[in-house]
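Chain residues, written in single-letter form:
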Amino acid sequence: MLQALSIRDFVIVESLELEFSAGYTALTGETGAGKSILIDALSLSLGARNEGDVTRKGHEKAEISTTFDITHNQAARDWLQAQEIDVDDTLVLRRVIYADGRSRAFINGTSATVGQLRDIGETLIDIYSQNAHHSLLKVATQREILDAYAQATPLAKQVSALYKDWLQLHQQQLAYEKNASQFADELTELRDSTRELKQLMFSAEEWQTLQQEHVRLSNGASLLSGMETCLQWMSEDGEVNALELLSQVQVKLSELQAIDAGLQPIAEILDSSVIQLEEASRALNRHLQKSELDPERLAEIEARIQAIHGAARKYRAKPEELPDLLTQQSARMQSLEGFADDGALAKQVAAAWQAYQAAATQLSAQRQQAAKKLALTITEEMQTLSLKGGQFAVALTPGEAAAHGLEQVEFLVAGHAGVEPRPLNKVASGGELSRISLALQVTTASLGSVPCMIFDEVDVGIGGGVAEVVGRLLNQLGQQRQVLVITHLAQVAAQAQQHLQVSKSELNGATLSRIRGLSVDERIEEISRMIGGLQITEATRNHAREMLKLATH
């Protein structure tokens, strides 16, 4: 679960240290106080894309750190282990965003990518935005909700992958049937070119060695002459060579030490230099003795280089690219030989189709079973959400095989009794859509494995007794998961086990936002504000006390 959030210099937050509890937590505050900042900060710490200037004015960076207890979150622990990141019961995600738009990410102190934050974030928190009910009108969203309720999301992903595999093979089959003669000519050319490249027996490592050896042998005469000159200067040029001169200095310093003992360290350095020069002279002499001109070897190397250059020109590649070219051509040749093999490609296509059909049929069966249960559950919830007599249904219409399966999924709704359910996007009003969306979210979320859920004003468009029912639904969900709800409704906030308040103030001309937990008395004042607005009377306070009292029973 989410344990803590730390924010520094983020938008209008100077510094924030916030701790969270299990169960249902309400977050309230006046419009514009900065409630959305909490969602934005959490989203960025979970790998969301930074699409604006979030660093507080006058500061070079913003820092967001979130702490999670993952003792029982096996999905998160498995992900960390797969990424070879230290696994502990506590997980810390940190994101630093600079004023110029750059950002850095860390997972348990280890540098990470934003993509990795996003991946681990999917195992930690689900965020439902205030516009989530609009996405409910999309057929794809409806299908995803049904699959999640059927606990068939992994199977749906498998069906999609199998369909893509079959489609790729099918398209290859069609292309081969259409261009059989062209592919046959290409296969003939590939066989010739791969045979030639294999006979060349060339590797990128050999190319580097050949070039080095060619440079050495082609400059053999000047190399030998240069080494002989160096040897003469070091130790063999009569009386004028480095070793002789150093020896003379060595003798002179030895005499001077009798006068000035401070010259001894210098003499010792010189002694070491003489020894090293003697060793270098002997090593150079040995290397010179082994070196010789080898015109035959030079001719072999030049012929080899010429052959490699010839193949590179022929296949329009750089010499060092020839090994990779051979690999690519071999793979393409193998693929074309599979096409050309009598019936081999057709068998692959048939096998891929059979695998897809088997998985898609299984998915259809799970959807059929789940559709009936989901329809009954949401229909029951609608009765409590002031949609009495309303009906919810899930239509599964057989269609052409596709990546999403063998049927179209569509949600149908009837707002009151005696009306035939029709597609959601044609009949539901904004308020009805919001309530149905919330019922779906609560129903499907209880089946999920992500331990923390955040609802950002999903109760928009409702009020009165419906709001109280929504609050009870969220409270009920909080018995199973950690739930954080941003709300403007007193009835929803009163049902929470914990209550956080967002407030805004000005300091030295700057607007700052802060969030804090409320005591029992402070919570009464906040609920009263939500009920009565600016004019808080004793009557509104009594009403707030009554709401909080009823919520605890």
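As a reminder, the structure under discussion sits directly above these lines.
A brief structural summary. From a predicted model like this one, the values you see are computed outputs, not experimental measurements. (Residues numbered from 1 in each chain as written. Predicted model: local features only at pLDDT ≥ 70, side-chain atom pairs only at ≥ 80, totals over all residues. Heavy atoms only, no water.)

With the rule as written, the count across this model stands at six aromatic pairs. Arranged with centres 5.6 Å apart and planes meeting at 45 degrees, the rings of Tyr-163 and Trp-166 form a pair that is tilted. Taken together, the positions of Tyr-163 and Trp-166, both in helix α6 (residues 153-178) and three residues apart, correspond to about one turn of that helix. Here Phe-202 and Trp-207 contribute two aromatic rings whose centre-to-centre distance is 6.0 Å and whose plane-to-plane angle is 80 degrees, an arrangement assigned as edge-to-face. According to the relative accessible area criterion, Phe-202 is buried, its value standing at 12%. With relative accessibility at 8%, the residue Trp-207 sits in the buried group. Put simply, the rings of Tyr-163, Trp-166, Trp-353 and Tyr-356 touch in pairs and so form one group of aromatic residues. The side chain of Arg-102 reaches across the aromatic face of Tyr-98, ending 4.4 Å from its centre. (Phe/Tyr/Trp six-rings, centres within 6.5 Å; stacked < 30°, edge-to-face > 60°. Helix = DSSP H or I, 4+ residues; strand = E, 2+ residues; numbered from the N terminus. Buried < 20%, exposed > 50% of the residue type's maximum accessible area, 1.4 Å probe, protein only. Lys NZ or Arg CZ within 6 Å of the ring centre and 35° of its normal.)

Ranked by size, the top nonpolar core spans 69 residues in total, and within it Leu-374, Phe-392, Val-394, Phe-411, Leu-440, Phe-455 and Ile-527 carry the most contacts. The element contributing the most residues to this core is helix α14 (residues 344-384), with 13 residues. Excluding residues that lie within four positions of it along the chain, Leu-374 makes contacts with Leu-146, Tyr-149, Phe-392, Val-394, Phe-411, Leu-440 and Thr-443. Ranked by size, the runner-up nonpolar core spans 42 residues in total, among them Leu-27, Ala-41, Phe-68 and Ile-120. (Core = buried A, V, L, I, M, F, W, Y, C linked by side-chain atoms within 4.5 Å. Contact = heavy atoms within 4.5 Å.)

Below, the discussion takes up the side chain of Gln-116. The topology assignment puts Gln-116 in helix α3 (residues 114-121). Within polar-contact distance, the side chain of Gln-116 engages the backbone nitrogen of Thr-113 at 2.9 Å. (Polar contact = N/O pair within 3.5 Å; in protein donor to acceptor, adjacent residues only side chain to side chain.)

What the six strands build is an open sheet, ordered β2-β1-β4-β5-β6-β7; its pairing is antiparallel. A single partner strand is all that each edge strand has here, and the edge strands are β2 (13-19) and β7 (110-112). If you compare each strand with its neighbour and ignore which way they point, the axes differ by 15 degrees on average. Across five bridges, strand β5 (residues 90-98) lies against strand β6 (residues 103-107) in antiparallel orientation. Paired with Ile-97 across the bridge in β6 is Ser-103. Sitting on the sheet, helix α1 (residues 35-45) is in contact with β1 (2-10), β2, β4 (61-69) and β5, with an inclination near 100 degrees to β1. Contacting β5, β6 and β7, α3 crosses the sheet at an angle of about 45 degrees to β6. (Pairing = 2+ DSSP bridges. Axes fitted to C-alpha atoms, helices over the stretch in contact; angles between N-to-C directions.)

Excluding glycine, residues mostly have negative phi values, and the peptide bonds linking residues are mostly trans. Here Val-11, not a glycine, exhibits a phi torsion of approximately 55 degrees, which is positive. Position of Val-11 relative to the elements: it lies in the loop between β1 and β2. Although it is not a glycine, Arg-316 sits at a positive phi angle of roughly 55 degrees. Within the element layout of this structure, Arg-316 appears in the loop between α12 (295-314) and α13 (322-340).

All right, on to the environment of Arg-95 then. With respect to the helices, strands and loops of the structure, Arg-95 is situated in strand β5. Accessibility expressed as a relative area gives 3% for Arg-95, which makes it buried. Separated by 49 residues in the primary sequence, Arg-95 and Leu-46 place their C-alpha atoms 8.6 Å from one another. Excluding its chain neighbours within four sequence positions, the residues that come into contact with Arg-95 are Leu-44, Ser-45, Gly-47, Ala-48, Asn-50, Ala-62, Glu-63, Ile-64, Ser-103, Arg-104, Val-114 and Leu-117.

With that settled, consider the packing of helix α19 (residues 520-532) against helix α20 (residues 538-551). Contact geometry of α19 with α20 gives a least axis separation of 8 Å together with a crossing angle of 115 degrees. With respect to α20, the element α19 is oriented roughly perpendicular. Judged by the sense of rotation from one axis to the other, the crossing of α19 with α20 is right-handed. Contacts between α19 and α20 involve Arg-523, Ile-524, Glu-525, Ile-527, Ser-528, Ile-531 and Gly-532 from the former and Thr-540, Arg-541, His-543, Ala-544, Arg-545, Met-547 and Leu-548 from the latter. When grouped by side-chain class, the residues that make up the contact of α19 with α20 number six nonpolar, four polar and four charged. (Parallel < 35°, antiparallel > 145°, perpendicular 65-115°, else oblique. Left-handed = near helix turned anticlockwise from the far one by under 90°. Nonpolar A, V, L, I, M, F, W, Y, C, P; charged D, E, K, R; others polar.)

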